[in-house]
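For reference, the chains in residue letters:
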Amino acid sequence: MDSTDISSDLTEILYTKDQIDARVREVAAQIDADYEGKNPLLVGVLNGAVMVVADLSRALKIHCEMDWMAVSSYGSGTQTSGVVRILKDLNTNLEGRHVIVVEDIIDTGLTLTYLMQNLASRDPASLKIMTMFRKPEAIQSPLEIAYVGYDLPNRFVVGYGLDYAGRYRNLTDVGILSPHIYA
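The model shown is predicted, which means the values in this text are computed figures rather than measured ones.

### A closer look at the overall build of the protein chain
Step number 1: Secondary structure assignment for the protein chain yields four helices and nine strands.
Step number 2: Radius of gyration (C-alpha) of the protein chain: 16 Å, near the 16 Å computed for a compact globule of 183 residues.
Step number 3: Of all 183 residues assigned to the protein chain, the portion counted as buried reaches 46%.
Step number 4: Taking all contacts inside the protein chain whose residues are at least 6 apart in sequence as the whole, residues at least 24 apart take part in 66%.
Step number 5: Counting only carbon and sulfur atoms, one obtains 47% of the accessible surface of the protein chain, whose full area is about 9,000 Å².
Step number 6: Computed over 16 positive and 24 negative side-chain charges, the inter-centroid distance for the protein chain is 2 Å.

Right, here's the structure in full:
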């Protein structure tokens, strides 16, 4: 889906498909250099990271493997409490593996903090985070993020895996969702 198809749903385009593609290639080049000869495991956090993992893995020049997790955090409405439940766990043993957790977006960081503690307890050789988008103003939990695509304002954004009520994930651009959609 292109942003021109739903222009009345967005107030602003923050990043275009071409900008996102270029940044994914830049991040992939960093990962290629950092993991040369190591065959990292990309752990995608469902559902939002599907687009990022697909594009990142294809941009890598090194071998990599993929696995997926689904987590749910409880809270009221649009706020997370940081209480996390694993809905789908990994099929891969992490012991001795170089693991890169791939996220679509980090806002508060509470869910990811729990997830990183959980994965670290599985004895990986290394454990890093790659996120396509980050909202620095919203972060409530300190996380060391090795690879960041773009920083976003603390607004309601959709596209490239980011959704509202399950919609807009397939939007190729990233934009600010118009309040009339969710008000």
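Additional details are given in the paragraphs that follow.
### Some words on the pairing of strand 5 (residues 98–106)
Step number 1: Most of strand 5 sits inside the fold, with eight of its nine residues counted as buried.
Step number 2: Bridge count between strand 2 (residues 41–46) and strand 5: four bridges; the pairing is parallel. Its bridge partner being in strand 5, glycine 44 is matched across the sheet by valine 102.
Step number 3: For the segment spanning strand 5, helix 3 (residues 110–120) and strand 6 (residues 126–134), crossover handedness is right-handed.

### Considering the sheet that holds strand 9 (residues 174–177)
Step number 1: Taken in spatial order, the three strands of this open sheet run 1-9-8, and their pairing is antiparallel. For this open sheet the edge positions go to strand 1 (10–15) and strand 8 (157–158), each flanked by a neighbour on one side alone.

### Section: the packing of aromatic side chains
Step number 1: Considering all chains together, one arrives at six aromatic pairs under this definition.
Step number 2: Each ring, one from phenylalanine 156 and one from tyrosine 182, has its centre 5.0 Å from the other, and the planes form 20°; the classification is stacked. On the criterion of sequence distance, the pair formed by phenylalanine 156 in the loop between strand 7 (147–151) and strand 8 and tyrosine 182 in helix 4 (residues 179–182) is long-range, its members being 26 residues apart.
Step number 3: Classification of phenylalanine 156 as partly exposed rests on a relative accessible area of 28%.
Step number 4: Residue tyrosine 182 is classed as partly exposed on the basis of its relative accessible area, which comes to 34%.
Step number 5: An aromatic cluster is defined as three or more aromatic residues linked by ring pairs; in this entry it consists of Tyr15, Phe133, Tyr150 and Tyr160.

Scoring rules and cut-offs
Residues numbered from 1 in each chain as written. Predicted model: local features only at pLDDT ≥ 70, side-chain atom pairs only at ≥ 80, totals over all residues. Heavy atoms only, no water. Helix = DSSP H or I, 4+ residues; strand = E, 2+ residues; numbered from the N terminus. Rg over C-alpha atoms; globule rule 2.2 N^0.38 Å. Buried < 20%, exposed > 50% of the residue type's maximum accessible area, 1.4 Å probe, protein only. Contact = heavy atoms within 4.5 Å. Areas by Shrake-Rupley, 256 points an atom, 1.4 Å probe, with all protein chains shown as cover. Lys, Arg positive; Asp, Glu negative; His and termini not counted. Charge placed at Lys NZ, Arg CZ, Asp CG, Glu CD. Pairing = 2+ DSSP bridges. Right-handed = clockwise from strand over helix to strand, strands pointing away. Phe/Tyr/Trp six-rings, centres within 6.5 Å; stacked < 30°, edge-to-face > 60°.

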